[in-house]
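# Structure assessment
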Amino acid sequence: MTGLRVIRILRTMKYEWDVEKAIENRCKHHIDFADAVGVLEDPRRIEEIDDRFDYGEERTCVIGMSNDRILFVVTTMRGNATSRIISARRATRHEQDRYYAGDGDAW
């Protein structure tokens, strides 16, 4: 399945991910990338650019809710209208607290 990717379109944004990476992520974190799309569509989500390392691309960390769970998702943009999901996991207690407080500044 190398090189395959999945694309889902909601509203005007497209979401894509590598199928093999999604399988690895599901095995490691028990989170499906399809559930991560809900986080990216959450109007209350908290976003911050991840500049800890030089990834060769701009990455965004997002905390949001999907299917009654608070998740932490990492994405990067491909063009203006496609968001590529890199990873997704359950949010830590601290990240959940930030989400419920609506605290985007205490990253």
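Residues numbered from 1 in each chain as written. Predicted model: local features only at pLDDT ≥ 70, side-chain atom pairs only at ≥ 80, totals over all residues. Heavy atoms only, no water.

### A word on the pattern of salt bridges
- All told, the structure shown has eight salt bridges when counted by the stated rule.
- Of the charged contacts, one joins Arg 84 and Glu 16 as a salt bridge, the two residues approaching to 3.1 Å between their closest N and O atoms. Here Glu 16 lies in strand E2 (residues 13-18) and Arg 84 lies in strand E6 (residues 82-90), a separation of 68 residues in the sequence.
- With a closest N to O distance of 3.0 Å, Arg 69 and Asp 35 form a salt bridge. Here Asp 35 lies in helix H2 (residues 33-41) and Arg 69 lies in strand E5 (residues 69-78), a separation of 34 residues in the sequence.
- One connected set of salt bridges, linked through shared partners, spans Glu 57, Arg 59 and Arg 78. (Salt bridge = Lys/Arg side-chain N within 4 Å of Asp/Glu carboxyl O. Helix = DSSP H or I, 4+ residues; strand = E, 2+ residues; numbered from the N terminus.)

### Brief notes about the nonpolar core
- Ranked by size, the top nonpolar core spans 14 residues in total, and within it Trp 17, Phe 33, Leu 40, Val 73, Ile 85 and Ala 88 carry the most contacts.
- Among the secondary structure elements, those contributing two or more residues to this core are E2, H2, E5 and E6.
- Per-element accounting of this core gives the leading share, five residues, to H2.
- The residues contacting Leu 40, other than those within four sequence positions of it, are Tyr 15, Arg 45, Val 62, Val 73, Thr 75, Ser 83 and Ile 85.
- Membership of the second largest hydrophobic core comes to nine residues, among which are Cys 61, Ile 70, Val 74 and Tyr 99. (Core = buried A, V, L, I, M, F, W, Y, C linked by side-chain atoms within 4.5 Å. Buried < 20%, exposed > 50% of the residue type's maximum accessible area, 1.4 Å probe, protein only. Contact = heavy atoms within 4.5 Å.)

### Considering the layout of surface pockets
- In this structure, the largest pocket occupies an estimated 250 Å³ of space.
- Lining the largest pocket we find 14 residues, and of these Met 13, Glu 47, Thr 75, Met 77 and Ser 83 sit closest to its centre.
- A total of three residues in the lining of the largest pocket trace back to one element, the largest contributor, which is E5.
- Residues of the lining of the largest pocket, tallied by class, amount to six nonpolar, four polar and four charged.
- Lining the second largest pocket are 13 residues, with Asp 50, Arg 52, Tyr 55, Cys 61 and Phe 72 positioned closest to its centre.
- Contributions of two or more residues to the lining of the second largest pocket are made by strand E3 (46-50), strand E4 (59-66), E5 and E6.
- Looking at the lining of the second largest pocket element by element, the count peaks at three residues for E3. (1 Å grid on protein atoms, 1.4 Å probe; cavity = no way out; pocket = protein on both sides within 12 Å on 5 of 7 lines; lining within 4 Å. Points joined across faces, edges and corners; volume = space filled by probe spheres on them. Nonpolar A, V, L, I, M, F, W, Y, C, P; charged D, E, K, R; others polar.)

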